[in-house]
Amino acid sequence: MASKLLRAVVLGPPGSGKGTVCERIARSFGLQHLSSGQFLRESLGGGGEAGVLAKQYLERGLLVPDHVITRVMMAELEKRREQHWLLDGFPRTLGQAKALDGICELDLVISLNIPFETLKDRLSARWVHPASGRVYNMDFNPPHTQGIDDLTGEPLVQREDDRPEAVAARLRKYKDAAKPVIELYKSRGILHSFSGTETNKIWPYVYTLLSSKIPPVLSEEEH
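Just so it is clear, the structure is predicted and the values come from calculations on it, not from any experiment.

Calculation criteria
Residues numbered from 1 in each chain as written. Predicted model: local features only at pLDDT ≥ 70, side-chain atom pairs only at ≥ 80, totals over all residues. Heavy atoms only, no water. Pairing = 2+ DSSP bridges. Helix = DSSP H or I, 4+ residues; strand = E, 2+ residues; numbered from the N terminus. Core = buried A, V, L, I, M, F, W, Y, C linked by side-chain atoms within 4.5 Å. Buried < 20%, exposed > 50% of the residue type's maximum accessible area, 1.4 Å probe, protein only. Contact = heavy atoms within 4.5 Å. Expected span 1.5 Å × (residues − 1).

## Let's talk about the pairing of strand β6 (residues 134–137)
As paired elements, strand β5 (residues 126–129) and β6 share four bridges and run antiparallel to each other. The partner of His129 across the bridge, within β6, is Arg134. Hairpin geometry of β5 and β6 is characterised by an intervening segment of four residues between the two adjacent antiparallel strands and by a positive phi of about 85 degrees at Gly133.

## Topic: the nonpolar core
If you look at the biggest cluster of nonpolar residues, it comprises 29 residues, and the most contacted ones within it are Trp85, Leu87, Leu100, Leu106, Val109 and Tyr185. Mapped by element, the contributors of at least two residues to this core are β1 (7–11), α2 (36–46), α3 (49–59), α4 (66–78), β3 (85–88), α5 (94–101) and α7 (164–187). When residues in this core are grouped by element, the largest group, six residues, is from α4. Aside from chain neighbours lying at most four places away, what touches Leu100 is Val9, Met74, Leu77, Trp85, Leu87, Phe90, Pro91, Leu106 and Tyr185. One finds Ile114, Tyr207, Leu210 and Ile214 within the second-largest nonpolar core, a separate group that totals 25 residues.

## Some details on the environment of Lys201
One can find Lys201 in helix α8 (residues 199–211). Taking the C-alpha atoms as reference, Lys201 lies 15 Å from Cys22; in sequence the two are 179 residues apart.

## Thoughts on helix α1 (residues 18–29)
In this model, α1 (12 residues) spans 16 Å end to end at C-alpha, consistent with the 16 Å of a helix rising 1.5 Å per residue. Lys18, Val21, Cys22, Arg24, Ile25, Ala26, Ser28 and Phe29 are the residues of α1 that are buried. Turning to α1, the residues buried within the fold contact β1, β2 (32–35), β3, β4 (108–113) and α8. Immediately beyond the C-terminal end of α1, within one or two residues, lies Gly30, with a positive phi of roughly 70 degrees.

Here it is as structure tokens:
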């Protein structure tokens, strides 16, 4: 099994902790953590066609459309044909899932199911460092100095769509787009769903699942 390349995806609504789960999987199993948000930020400074397009949307305060994110991600995945990887934040829509089908076959899809109230509380307490994408939560992962990024000393911001009044609409939108993606992977028998309110309680089950597919490089306790 170890000789086969493992291609996995973590799906989850905003605030579900998928970034944390992906980091732990990457560390424990030696997979590359490929974040669509990170690639998007890098493409903005890269001067490529997709980056220029993305920048035009972001500068106008608009969501970057499906086809632009797909182009950014396809270019990155093409470079990694010979590597184990884990996708975070992609695919979010059926169109993106079908584009992904065109270049690889997924082995495993992890779906995080977190109660609506938990997501709402987490997102409303979330502040970010825009340049790096570092996320802080005022309840359980606050910065050393309120409102300031730990590493750069630059100010943190609360995203417009993390504000309490915007969160419900954002979560509904995610759910509508993700439903056909989840159904697709469920029909292929590669979807594994995990429910809970705390990442630390979900993690042992995720670790056990991954261990059945690829040998770990770190024990579960090392987290």
